[in-house]
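Chain by chain, the residues run as shown.
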Amino acid sequence: MNQNYSIVMELTKQQELTLAIEIAAICVPSVFLLIFTLYCYFKFQHLNNAQFKLVTRILFSDLIYESIMSIISLSYIITQNGSSQETYFRDTYPTFCYIEAYLSNFSILTSTAWTSIICHTLYMQVYKNISKMYYYQYIFVGYVIPTIISFIPFYVDGYGVTYPMESTNCFYNMRLDRRSYDLYITLCYYLPIWVAFLYNLTIITLVVRRILKHITDFTNKTQVFALFLYPTILFICWVIVMLLQLSCSLAQFNNLIHNQLYGNTYPSFSVTYLVYWMLYVIALLRYLQKLKLMDANQNIRKIYPKVILRPKLANNQLKQLIHKNCEYYLINNIKLLSQYNIIEMSSSQDLVKCSFNPDDMGQLLYKENYHKWIKIQELIAKDPILQNNVADYGQSRDKLYEIYCKKAYKLHKLLNYSDEMIPGMVNSQFPETVVTVLHQTMFIPTIKYLGNEKQIEKWIPPSLNYEIVGCYAQTELGHGSDVQSLETTAVYDKNTEEFILNSPTISSTKWWIGDLGLTATHAVTHAQLYINGKHYGVQTFIVQVRDTHTHLPLKGIEVGDVGPKYGYNTKDNGYLRMNNVRIPREQMLMRYSKVSKAGEFIKAQNEKIGYATMMQVRTSIIFNTYVSLAQGLAIGVKYSHFRKQFKDKNGIERPIIDYQTQQDKLIPLVADCYAQGFGCLRIKEILTENLRRINEKNDFSLMGDLHALLCCCKAIYTWNTHFGLDKIRQSLGGHGFLQSSGVVSIQTEFSPSCTYEGENTVLLLQTGRYLLKACNKAQKNQPINENVEYLYNIQQTLQQKATFTRFEQLLCPEIIRKLMRLHAAFYVNKMMHKMMEKAGEYGPKEAWNKYVGVSITEASVAHTYYWTFKTFLDTLIKVQDENIRSVLSNLCCLYGLQRIIDWPIGYFEGGFLNGEQLEIILNAKEYIFTLIKPDLLGLVESFKFHDNALRSDLVDAKPYEKLLQSAKLSSVNNEEYQTKLRSLTKQLREIPKL
């Protein structure tokens, strides 16, 4: 051995062997403990969350370190115990000694660092609502720092006479004197270990304290077990080590006082221990001080005796007791909890303590428009003209029109209302429809899609600048959905190169035309084209109806408003009659269909291109089904968490959301809302692809598939939202009938969606026609769209049956998808056979109109349900965040199960289900309620509605006070009206008695 170093202590072979045995006694059990812990984790690997992945990686690292140390120590014991020579393992195998010494130090330091990281992320999850943990962000703390600290001894020969952790059988002389060596041990070993220990001890205490208060939020007990297994084991080990070190530190302190053993050998040890324990005592006193402050509240004292002093209760009794008392605590101590940032009274957003980040979910719902969606709402909420005002409720129609004209002007000035995305976003922000919205959503797009380059250059700039205001005049008094039977005529006069438009009958009067009654100066008008007496079908024309300076109707134009309606108070739906109105030839939109100066008609390659605008409008309507339902749910769910009714046996009123009946009203609608939102996103992708193909390649191959999809989704989604909003209104009780609830205006404004831009039943019939054609193609093995792939080998498909026997199986969306696929195939097959049967008996047209209509609509509905579910499933599969994917999976399953429960007849008629399996489906639905309920507030917060957009007193921090305040602001409660009312009531009382 090198004699240049001062030798403080030399260990004998027997002492080295003793240390080796001690190391083996520590490391070998540690290996088995790690293997057992990994086994437990893999039993719950279906959780697949960030915490699970992080801990698993750490456990594998620890297993490697502990295994190496176990092998080296056991090898030393085996080889040296059988040898009688006084040889040292350090002399024979110095490299192994260095490896073991380094790994010993590194493994303890890195294990401690990673354990601190686990505890830190656990704390962030529980207290800060952080749903993601990025493993690679912690690499520096977990690996780099322990590596640097562990390499320091190689420089100072710290792996010397006494190894810092006293846990290695390899010893070398060192260059440091004892005092310097003590300082090194303190800085490189004891300081990081004890700082981490105190930090982890404090964090785990806080986390456990938090969980005890909110134990009812943890519905998945296996997840809790998997989350806490590793930290709990280490915590127990730390407590044992802490007690041992405490005794050692006290002994060393005693030796220091009496100057025993090495005299002043241990001052650094003692000072270090004293500092650590002082810090811990300070932290403990601080915690007890907070605890004492909380105990000052009388309600807390009611909890602890019941929970702590009755340990012999049965498991289920203890669980119920904790559940009830924690709930009692939360109900009666909201103000106290707000001091600790658990519940913030000022905003319902802070009530969200769910398993995922609502911001991440919001970005999934709105994609690239997420930040614009939030920014627009903030701008509207801050603007004095645009923000919603309770004083507007109850205003006359003419007054409301004036108010919303000002809003439209301010929107255009503030947000550039000509942006295509803006109208769809802002319409949901107001209780009434914004004036000129049809100008943006129908007039301008029609010109863009159907006009040639010259027409676009002429008409779009003044439209965007509001120099002209347009509308979309297609529907007539006598015909709406039957576009081909429109009666308005456009006769071409080749002598003057003009079209002459007329409304030849009363039923040809243009009717329900939005923005026409009071606002529009121009109209995109649909009329039957005639050239030289020959009919060329419905074409599209731009007609000026009012003077742009005087706003008076032009010669031959009769225009006005259709009158009051069910809702839509600010929308000036108008009528239009034309009498020999002449327009230039260039005002027929001619991108596809054209008329030459000589009167030659050039037919469009695909006649359905005329529906391009309608396709975009229907896409907007589908988006509005999601937005409107989301608005209603945001109000209904938030209010259901606040509203309390009926006391339990302990005299505590429960939030109405705790009742299963209220959950049954709202939670399935949340699943529907997400399904419709993702369906809309997929439709937008197909629409964009369709327009790209048409513009770039003149390819119309997607038109038929897109048209059928838009028809059925517009019909089903609008019906679902219409009836869903009514269910939400009813779930609010009596307050739901108030205008200030917010739901009333949403419902009345949305209701017309079921009829305009295509009556829903007619749209389902159009989808049914598409399904019949696709079925015929599938039977001939011809290519069909992927949306109807289930029509291939349909007879073999219908031989399948459901095989599930437990409700847990129905938590897998794929099983439900296969079941809904069978359902869609069954109804399409049923429709096809009935059509063939009746067509052979009565002829195709008569069969279609009189005998097969119901079967056709049923097939379209079943197809829509399956497509929507499949789209939902495809969306969640692509989600990277495991927490979001988990909650979306539950919603997806619930959407499918609710469809089966609402319409089970086809499943039984086709033989796919039996009564026992339907009961299992009902049980699965109820179980999913328990999984979704803790995340319910987070799910509606993900819709990202500003309180101004919800315009509901029921979501205010103090809803009862807000309701009363709104009532006092009602126009009938002002002094002027009350004075007038007193004279009226006086006359009433003076009526002569009979």
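Look a little higher up for the structure.
Just so we're clear, the structure is a prediction, and the values are computed from it rather than from any experiment. (Residues numbered from 1 in each chain as written. Predicted model: local features only at pLDDT ≥ 70, side-chain atom pairs only at ≥ 80, totals over all residues. Heavy atoms only, no water.)

**Student:** Help me understand the overall build of the protein chain in this model?
**Tutor:** A tally of helices and strands in the protein chain yields 34 helices and 13 strands. By the burial criterion, 52% of the 994 residues in the protein chain qualify as buried. Within the protein chain, residue pairs in contact and separated by at least 24 positions form 75% of the contacts whose partners lie at least 6 positions apart. Per element, the accessible surface of the protein chain, about 46,600 Å² overall, is 58% carbon and sulfur. (Helix = DSSP H or I, 4+ residues; strand = E, 2+ residues; numbered from the N terminus. Buried < 20%, exposed > 50% of the residue type's maximum accessible area, 1.4 Å probe, protein only. Contact = heavy atoms within 4.5 Å. Areas by Shrake-Rupley, 256 points an atom, 1.4 Å probe, with all protein chains shown as cover.)

**Student:** For this particular structure, what's the right way to read the nonpolar core?
**Tutor:** Burial of nonpolar side chains together is a common tendency in soluble globular proteins. Counting residues in hydrophobic clusters, the biggest one holds 166 residues, and the most contacted among them are Met361, Leu633, Tyr674, Leu791, Leu888 and Phe943. The next biggest cluster of nonpolar side chains, apart from the first, holds 26 residues, and it includes Phe499, Phe541, Val545 and Val559. (Core = buried A, V, L, I, M, F, W, Y, C linked by side-chain atoms within 4.5 Å.)

**Student:** Before we go on, may I ask you to explain helix 25 (residues 813–842) in this structure?
**Tutor:** For helix 25, which comprises 30 residues, the first-to-last C-alpha distance of 43 Å matches the rise-based estimate of 44 Å (1.5 Å per residue) to within 8%. Positioned one or two residues after helix 25, Gly843 has a phi angle of 95°, which is positive. (Expected span 1.5 Å × (residues − 1).)

**Student:** Looking at this structure, I do not really get the packing of helix 25 against helix 27 (residues 853–877). What am I missing?
**Tutor:** A pair of packed helices is characterised by two quantities: the angle between their axes and the separation of those axes. Two elements in contact, helix 25 and helix 27, have axes whose closest approach is 8 Å; the angle formed by their N-to-C orientations is 160°. In terms of orientation, helix 25 and helix 27 fall into the roughly antiparallel class. You can see that helix 25 and helix 27 cross each other, and the crossing is left-handed. (Axes fitted to C-alpha atoms, helices over the stretch in contact; angles between N-to-C directions. Parallel < 35°, antiparallel > 145°, perpendicular 65-115°, else oblique. Left-handed = near helix turned anticlockwise from the far one by under 90°.)

**Student:** What exactly am I supposed to notice about the pattern of salt bridges here?
**Tutor:** Working definition: two side chains of opposite charge can pair if their charged atoms are close together. Throughout the structure, instances matching the rule amount to 27 salt bridges. In this structure, the salt-bridge partner of Arg682 is Glu685, at a minimum N-O distance of 2.9 Å. You can see Arg682 and its partner Glu685 sitting in helix 20 (residues 660–697), three residues apart, about one turn around the helix. Residue classification places Glu685 among the partly exposed residues on the basis of a relative accessible area of 45%. (Salt bridge = Lys/Arg side-chain N within 4 Å of Asp/Glu carboxyl O.)

**Student:** Just checking my understanding: could you explain the packing of helix 20 against helix 28 (residues 882–902) for this structure?
**Tutor:** Their axes nearest at 8 Å, the elements helix 20 and helix 28 cross at an angle of 105°. By the angle class used here, helix 20 and helix 28 are roughly perpendicular. Along the contact surface, helix 20 presents Ile667, Pro668, Val670, Ala671, Asp672, Tyr674, Ala675 and Phe678, while helix 28 presents Leu888, Leu891, Leu894, Tyr895, Gln898 and Arg899. A per-class count over the contact of helix 20 with helix 28 returns eleven nonpolar, one polar and two charged. (Nonpolar A, V, L, I, M, F, W, Y, C, P; charged D, E, K, R; others polar.)

**Student:** I tried to follow the environment of Leu913 on my own but got confused; where do I start?
**Tutor:** By the secondary structure assignment, Leu913 is in the loop between helix 29 (905–909) and helix 30 (915–932). Take Leu913: its relative accessible area is 6%, and that puts it in the buried class. The sequence separation of Leu913 and Ala802 amounts to 111 residues, and the corresponding C-alpha distance is 6.0 Å. Contacts of Leu913, omitting those with residues within four sequence positions, involve Ala802, Phe804, Leu819, Ile900, Tyr907, Phe908 and Ile921.

**Student:** Even after reading the chapter, I still don't get the environment of Val543, so can you show me in this structure?
**Tutor:** Tracing the backbone shows Val543 in strand 6 (residues 534–544). In this structure the C-alpha to C-alpha distance between Val543 and Gln587, which are 44 residues apart in sequence, comes to 7.5 Å. Val543 has contacts with Leu501, Thr521, His522, Ala523, Thr525, Met578, Val581, Ile583 and Gln587, leaving out every residue within four places of it along the chain.

**Student:** I tried to follow the side chain of Ser593 on my own but got confused; where do I start?
**Tutor:** Within the element layout of this structure, Ser593 appears in the loop between strand 9 (581–584) and strand 10 (594–595). Relative accessible area serves as the criterion here: at 12%, Ser593 is assigned to the buried category. Those residues in contact with Ser593, other than ones at most four positions away along the chain, are Gln539, Met588, Phe601, Ile602, Lys603 and Ala604.

**Student:** When you look at a positive patch on the surface in this model, what are you seeing that I'm missing?
**Tutor:** A cluster of basic side chains, namely Arg769, Lys773, Lys777 and Lys845, defines a positive patch on the protein surface. Considering every element that reaches the positive patch, the biggest residue donor is helix 23 (residues 760–779), with three residues. Positionally, Arg769 belongs in helix 23. (Patch = residues over 30% accessible without salt bridge, like charges linked within 9 Å, V, L, I, M, F, W, Y side chains within 5 Å. Lys, Arg positive; Asp, Glu negative; His and termini not counted. Charge placed at Lys NZ, Arg CZ, Asp CG, Glu CD.)

**Student:** Just checking my understanding: could you explain the sheet that holds strand 8 (residues 574–578) for this structure?
**Tutor:** Sheet strands pair by backbone hydrogen bonding; their relative direction is either parallel or antiparallel. Pairing is antiparallel in the open sheet, where three strands are placed in the order 4-8-7. Two strands close off the open sheet at either side, each with one partner strand: strand 4 (510–513) and strand 7 (557–561). Across the sheet, the mean angle separating the axes of adjacent strands is 20° when strand polarity is ignored. (Pairing = 2+ DSSP bridges.)

**Student:** Just to check I follow, could you spell out the environment of Thr868 for this structure?
**Tutor:** Along the polypeptide, Thr868 turns up in helix 27. The class of Thr868 is buried, set by a relative accessible area of 1%. Along the primary structure Thr868 and Tyr895 are separated by 27 residues, whereas in three dimensions their C-alpha atoms are 9.3 Å apart. Residue contacts for Thr868: discarding those within four places in its chain leaves Ala675, Tyr717 and Tyr895. At 2.8 Å, the side chain of Thr868 forms a polar contact with the backbone oxygen of Thr864. (Polar contact = N/O pair within 3.5 Å; in protein donor to acceptor, adjacent residues only side chain to side chain.)

**Student:** Looking at this structure, how should I read the packing of aromatic side chains?
**Tutor:** By convention here, two paired aromatic rings are described through the distance between centres and the angle between planes. This structure, assessed with the given rule, holds 22 aromatic pairs. Taking 6.1 Å as the distance between ring centres and 50° as the angle between the ring planes, the aromatic pair formed by Phe623 and Tyr626 counts as tilted. Of the two residues, Phe623 and Tyr626 are both situated in helix 19 (residues 612–642); the distance of three residues between them amounts to about one turn of the helix. Here the two residues Phe623 and Tyr626 agree in accessibility, since each one is buried. Considering the side-chain rings of Tyr827 and Trp903, the 4.7 Å spacing of their centres and the 25° angle between planes classify their relative orientation as stacked. Taken together, the residues Tyr827 in helix 25 and Trp903 in the loop between helix 28 and helix 29 connect sequence positions 76 residues apart. For the residue pair Tyr827 and Trp903, the accessibility class agrees, reading buried in each case. Counting every residue linked through ring pairs, the aromatic cluster contains Tyr366, Trp373, Phe623, Tyr626, Tyr674, Phe678, Phe872, Phe943 and Phe945. Across the ring face of Phe623, the terminal group of Lys684 is positioned such that the distance to the ring centre comes to 4.3 Å. The ring centre of Tyr865 lies 5.4 Å from the NZ or CZ of Arg899, which sits over that ring. (Phe/Tyr/Trp six-rings, centres within 6.5 Å; stacked < 30°, edge-to-face > 60°. Lys NZ or Arg CZ within 6 Å of the ring centre and 35° of its normal.)

**Student:** Mind showing me how you'd approach the pairing of strand 3 (residues 498–502) here?
**Tutor:** Looking along a regular strand, one sees the side chains alternate between the two faces of the sheet. Counting buried residues along strand 3, four of its five residues qualify, which places the element largely inside the surrounding structure. Pairing of strand 2 (residues 489–493) with strand 3, which is carried by five bridges, proceeds in the antiparallel orientation. By the bridge assignment, Thr489 is partnered in strand 3 with Asn502. Where strand 3 meets strand 9, four bridges bridge the pair, whose relative direction is antiparallel. From the neighbouring strand, Phe499 faces strand 9, where its bridge partner is Ile583.

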